[in-house]
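# Overview (structure and organization)
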Amino acid sequence: MEKEKSSWVHKILKIIKWAFLIFIGLFLILIIGRIIYRINLDKTEKQIEKIHNVRLTLDDVMGKNLPPDPGAEADKTVQGIDANKNGIRDDVELAVFNTYPDSAKTRAVLLQYALALQMETLQPFVNTGIATEVVREQSRAFQCVGEVLVRDDNNTEVMDKYFKDGDTLRYFVKDKQLNTEERRNARNIFVKEVRSYSDLENICDINYSSLPN
Amino acid sequence: MKNKIVFAFVFVLLFSFHSKVLAGELCSSNGYTILTINGINTNKDGAIENKDKLRDHISQGYFNNQPLKVDFLYNQTHLGGLGDLIDTVAQGAFDKKSDYDLTEMLNDASQKVTTQKVLLVAHSQGNFYSNNFYEKVASEPGGIPEQSIGVYGVASPADYVAGGGEYVTSDTDKIINKVAGRIFQTLPPNIHIALQDGDDKDGHSFSDVYLKYQGARIVSDIKSSLGKLQNNDEQASDYPCISPPDFSFSHEAGGLALNTADSIINGTKNAVVFVIDGTRYIATAIGNSFNNIGLALGNMFGNLSANVVQSLPDTNSLTTILPGVLNNQNEIKKDTKPKYTIQNTPTETVVTLSAKNAEEIFNNFTDSSQPIFSFGPVVSGFTLKKEKV
């Protein structure tokens with residue numbers, strides 16, 4: 001009787017031991033997964049910091065380092081050509097300078113928008129965090145375009161012109177930036193990762209009021 | 001000894017992962033949030049553009065000298081638009097109140113809304129979602145009191161705006177008047193937009209028609225709607241403004257199915273990625289289960305010494321009496337006052353109820369489909385007697 005009882009106790013202890021070992025095994029797998037997740041998170045955070053540190057410079061606005069015309073090479077890849085390494089695609093940068101040679105303020109806001117749109121093609125990896133932060137920069141640049149236009153919230157006529165001119169400027173850049181099917185597809189895939197977000201402050205990189213024209 | 005140390009170490013490790021995060025202000029009374037909800041067949045780029053344009057139209061980040069945040073809740077396109085169409089009919093004709101996308105929106109909102117005052121601005125099918133969102137959140141536990149949340153509708157296919165909000169629908173909007181209006185009851189058009197060459201032929205686009213031609217009115221209506229929102233003293237500043245919804249396994253499985261189907265239909269190669277994501281969700285769910293078990297065990301061990309007496313079964317709540325436990329005569333307390341006397345004979349079980357309100361309890365017992373207590377198999381009979389004391 002005593003022996004039978006002891007055998008049962010041993011069996012129960014064995015089951016508990018195995019259950020515990022399985023539990024610990026799964027727990028260790030979760031820990032390893034968690035460590036991998038943390039490493040990826042660190043990489044993402046560093047990349048996000050880089051994204052928010054990208055700024056348009058006054059030299060870019062004044063055209064001190066304009067690139068040569070990339071010609072047919074411009075559209076061969078989604079990234080395109082950026083010979084002067086300022087983060088703005090060369091064909092878009094040149095189009096802005098050719099269309100608005102006399103307005104540094106307009107160039108400032110348009111180049112910032114072009115810089116933000118190009119950013120999505122330059123990311124070493126894309127996940128929800130990266131995509132959302134890039135689009136936050138794009139929204140910041142989108143709002144910045146309105147800063148150089150005349151606005152009067154109490155005057156419908158002025159506001160109509162404000163909205164119309166804003167659309168013209170933004171679509172000028174966006175249409176040039178997304179000028180091929182591959183680029184539009186890449187954009188659609190990229191923004192799929194975006195979650196909702198709040199807007200950034202300090203919407204313009206350049207203090208446009210200090211510009212002469 | 002060595003094993004005991006390892007055992008103790010693992011347990012400490014298991015239960016030391018849970019720490020409270022000290023939070024700052026999560027729900028501010030200073031500020032406004034506008035959440036846009038897009039309509040059918042709008043890709044995310046379009047939803048972002050709508051949100052950016054609305055923000056540009058409304059202000060430069062302030063209303064009533066308080067910060068104004070404009071964000072978006074994305075109403076995802078499913079099955080190449082067919083899923084949205086089915087959803088729209090279900091919402092418009094059959095009053096469907098909840099689905100995968102609404103739960104996702106509630107989750108998004110719970111993470112993003114940091115002000116008490118919230119206005120939902122919806123376009124097209126987004127109006128069904130904004131109405132349902134309002135019903136799920138307004139003055140509900142973990143939600144927003146009615147005075148702090150509002151809805152504004154643009155091109156609405158619904159027959160009302162939740163919370164008595166304002167709306168704008170053009171009589172030249174073919175999608176609302178010629179399509180939606182024929183299937184289900186919609187709000188009547190209240191403006192006229194004269195379309196021009198190059199405009200959206202259906203006259204339905206949020207930014208290219210409504211904002212373009214009625215921007216001033218929409219801004220005025222939205223400002224008026226924002227002006228009606230008030231602070232409340234029910235939402236604590238150190239708690240999220242909106243509690244996150246409960247994610248069920250069926251929600252995750254539904255999301256996986258929708259995403260996989262979307263990927264296949266869109267002709268992309270992302271189906272595999274979504275399956276991997278789905279596997280990750282399931283793995284996460286399993287992980288969460290372990291987490292919960294860990295938490296439960298942690299709480300149990302942590303509170304064992306304090307709660308050992310309270311953890312014991314309460315005889316007052318004893319509801320099941322096994323036949324073998326019953327002797328010829330047992331007395332069980334159901335409440336402190338009423339008494340049930342049970343007599344078990346080889347042929348019959350007799351329960352005698354002795355209580356001041358025996359009549360009432362007796363009636364409840366006999367009328368209720370949920371018995372007060374249950375028995376094991378009774379050999380051949382059951383009698384219930386009442387006895388007023």
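Data block above holds the structure.
Going along each chain's sequence as written, the residues are numbered from 1 onward. The order in which chains are written sets their letters, starting at A; the order in which ligands are written sets their numbers, starting at 1. Under the rules for a predicted model, residues below a pLDDT of 70 receive no local features and side-chain atom pairs below 80 are neither given nor counted, while totals for whole chains, interfaces and linings still include all residues. Water and hydrogen atoms play no part in the side-chain values, which are based on all heavy atoms of the structure.

Moving on, we get to the overall build of chain A. Helix numbers and strand numbers start at the N terminus; a helix is a DSSP run of H or I with at least 4 residues, a strand a run of E with at least 2. Counting secondary structure elements, chain A contains 7 helices and 0 strands. Each helix (α) and strand (β) of chain A, taken in turn from the N terminus, gives the series α-α-α-α-α-α-α. We call two residues in contact when some of their heavy atoms are within 4.5 Å. Restricting the contact set of chain A to residue pairs at least 6 apart, pairs at least 24 apart contribute 73%. Of the accessible surface of chain A, which amounts to about 12,100 Å², a share of 57% is contributed by carbon and sulfur atoms. Note on areas: these come from Shrake-Rupley sampling with a 1.4 Å probe, and a residue is covered only by the protein chains present in the view.

Next up on the list: the sheet that holds strand 5 (residues 149-154) of chain B. Residues and elements named next belong to chain B. On the basis of which strands lie adjacent, the open sheet formed by 6 strands has the order 2-3-1-4-5-6 and mixed pairing. The outermost strands of the open sheet, each flanked by one partner alone, are strand 2 (62-63) and strand 6 (167-168). Contacting strand 1 (28-37) and strand 3 (66-73), helix 4 (residues 100-112) runs over the sheet at an angle of about 155° to strand 3. Contacting strand 1, strand 2, strand 3, strand 4 (115-123), strand 5 and strand 6, helix 7 (residues 206-228) runs over the sheet at an angle of about 155° to strand 5. Whether two strands pair depends on DSSP finding at least two bridges between them. Here an angle of 0 to 180 degrees is reported between the N-to-C directions of two axes, which are lines fitted to C-alpha atoms, with helices fitted over the stretch in contact.

Looking now at the state of the cysteines. The rule for a disulfide is simple: a pair of cysteine sulfur atoms within 2.5 Å. On inspection of all chains with the given rule, the structure shows 2 disulfides over all chains. In this model A:C144 forms its disulfide with A:C204; the gap between the sulfur atoms is 2.1 Å. Between A:C144 and A:C204, the S-S torsion sits near 115°, and that sign places the bridge as right-handed. Placement of the pair is A:C144 in helix 5 (residues 128-147) and A:C204 in the segment after helix 7 (181-192), with a sequence separation of 60 residues. The buried label goes to any residue with under 20% of its type's maximum accessible area, the exposed label to any with over 50%, and the partly exposed label to all in between, with areas taken from a 1.4 Å probe on protein chains only. Relative accessible area serves as the criterion here: at 2%, A:C144 is assigned to the buried category. Judged by relative accessible area, A:C204 falls into the buried class, the value being 18%. Across the disulfide, B:C27 is cross-linked to B:C241 (sulfur-sulfur distance 2.1 Å). The S-S bond linking B:C27 to B:C241 shows a torsion near 115°; that makes this disulfide right-handed. Of this pair, B:C27 sits in the loop between helix 1 (2-15) and strand 1 while B:C241 sits in the loop between helix 7 and helix 8 (249-265), and the two are 214 residues apart along the sequence.

The subject of this paragraph is the nonpolar core. If you look at the biggest cluster of nonpolar residues, it comprises 33 residues, and the most contacted ones within it are A:L56, A:V61, A:L110, A:Y113, A:F172 and A:V173. For this core, the elements supplying multiple residues, two or more each, are helix 3 (90-99), helix 4 (104-119), helix 5 and helix 6 (156-177) of chain A. Residue contributions to this core peak at 10 residues, all from helix 4 of chain A. Discounting residues that sit within four places of it in the chain, A:V173 has contacts with A:L110, A:Y113, A:A114 and A:L117. If you look at the next biggest cluster of nonpolar residues, it comprises 26 residues, including B:L102, B:L120, B:I144 and B:A162. By convention a nonpolar core is built from buried Ala, Val, Leu, Ile, Met, Phe, Trp, Tyr and Cys residues, the set being connected through side-chain atoms within 4.5 Å.

All names here are of chain A. It is the contact of helix 5 with helix 6, at a shortest axis distance of 9 Å, that shows an interaxial angle of 130°. Considering their axes alone, helix 5 and helix 6 lie oblique with respect to each other. In the packing of helix 5 onto helix 6, the handedness of the crossing is right-handed. Every residue of helix 6 that contacts helix 5 at F142, Q143, V145 and G146 is listed here: Y162, G166, L169 and R170. Classifying every residue of the contact of helix 5 with helix 6 by side-chain character gives 4 nonpolar, 3 polar and 1 charged. What sets the label is the angle itself: under 35 degrees gives roughly parallel, over 145 gives roughly antiparallel, 65 to 115 gives roughly perpendicular, and the rest give oblique. Less than a right angle of anticlockwise turn of the near helix away from the far helix marks a crossing as left-handed, whereas a clockwise turn marks it as right-handed. Residues are grouped as follows: nonpolar covers Ala, Val, Leu, Ile, Met, Phe, Trp, Tyr, Cys and Pro; charged covers Asp, Glu, Lys and Arg; every other residue, Gly included, is treated as polar.

Time to look at the side chain of A:Q143. Within the secondary structure, A:Q143 sits in helix 5. Looking at A:Q143, the relative accessible area reads 4%, which means it is buried. Every residue in contact with A:Q143, bar those within four places of it in the chain, is listed here: A:R170, A:I203, B:D52, B:R55 and B:D56.

This brings us to the layout of surface pockets. Gaps left between atoms are located by rolling a probe of water-molecule size over the structure's atoms. All names here are of chain B. Computed from the structure, the second largest pocket encloses a volume of approximately 770 Å³. I40, N41, T42, N43 and S205 are the residues nearest the centre of the second largest pocket, which is lined by 36 residues in total. Counting residues per element, the lining of the second largest pocket draws most heavily on helix 6 (residues 174-183), which supplies 5 residues. When its residues are assigned to classes, the lining of the second largest pocket shows 13 nonpolar, 14 polar and 9 charged. Only protein atoms enter the 1 Å grid, on which a cavity is a set of points fitting a 1.4 Å probe that cannot get out and a pocket is an open set with protein on both sides within 12 Å along at least 5 of 7 lines, lining residues being those with an atom within 4 Å of a point. Grid points are joined across faces, edges and corners, and a volume is the space filled by probe spheres set on the points.

Packing of helix 6 of chain A against helix 2 (residues 44-58) of chain B leaves a shortest axis separation of 12 Å and a crossing angle of 145°. Crossing handedness for the pair helix 6 of chain A and helix 2 of chain B: right-handed. Taken together, the residues of helix 2 of chain B that come into contact with helix 6 of chain A (itself represented by A:Y162, A:F163, A:D167, A:R170, A:Y171 and A:K174) are B:D45, B:E49, B:K53, B:D56 and B:H57. The class makeup of the residues in the contact of helix 6 of chain A with helix 2 of chain B is 3 nonpolar, 1 polar and 7 charged.

Residue and element names in this part refer to chain A. Taken together, the side chains of W8, V9, I12, L13 and I16 make up a nonpolar region of the molecular surface, amounting to roughly 510 Å² of accessible area. Here L13 shows up in helix 1 (residues 2-53). Overall, the relative accessible area of 51% leaves L13 in the exposed class. Patch building starts from residues that exceed 30% relative accessible area and form no salt bridge, then joins like charges within 9 Å and nonpolar side chains (Val, Leu, Ile, Met, Phe, Trp, Tyr) within 5 Å. In what follows, salt bridge is the name for a side-chain nitrogen of Lys or Arg lying within 4 Å of a carboxyl oxygen of Asp or Glu.

Pairing of aromatic rings covers Phe, Tyr and Trp, the last through its six-membered ring, and needs centres within 6.5 Å; plane angles under 30 degrees mean stacked, over 60 mean edge-to-face, and all others mean tilted. Tallying each qualifying case throughout the model produces 6 aromatic pairs over all chains. Here the aromatic rings of A:Y100 and A:F172 are separated by 5.6 Å at their centres, their planes lie at 85°, and the arrangement is edge-to-face. Pair noted here: A:Y100 is in the loop between helix 3 and helix 4 and A:F172 is in helix 6, with a separation of 72 residues, a long-range link. Ring plane angle 75° and centroid distance 5.8 Å describe the contact between A:Y197 and B:F72, whose orientation is recorded as edge-to-face. Here A:Y197, found in the segment after helix 7, pairs with B:F72, found in strand 3, and the two come from separate chains. In this scheme, Lys NZ or Arg CZ marks a charge over a ring once it lies within 6 Å of the ring centre and within 35 degrees of the ring normal. Here the basic side chain of A:K11 rests over the ring of A:W8, its NZ or CZ set 5.4 Å away from the ring centre. Between A:R170 and the ring centre of A:F142, over which it is positioned, the NZ or CZ distance is 4.0 Å.

For the rest of this paragraph, the subject is the interface of chain A and chain B. Counting residues at the interface gives 33 residues for chain A and 35 residues for chain B. We define buried area as the total accessible area lost by two parts upon association, computed with a 1.4 Å probe and summed across both. With both sides pooled, the region where chain A packs onto chain B buries about 3,200 Å², and carbon together with sulfur makes up 53% of that total. The largest contributions to the chain A side of the interface with chain B come from A:F23, A:F163 and A:S196, which together make up 18% of the buried area. In protein, a polar contact means a hydrogen-donor-capable atom and an acceptor-capable atom, both N or O and within 3.5 Å, with residues adjacent in sequence counting only if both atoms are side-chain atoms; elsewhere, any N or O pair within 3.5 Å suffices. Viewed at the interface, chain B and chain A are joined by 21 residue pairs in polar contact (both at pLDDT 80 or more).

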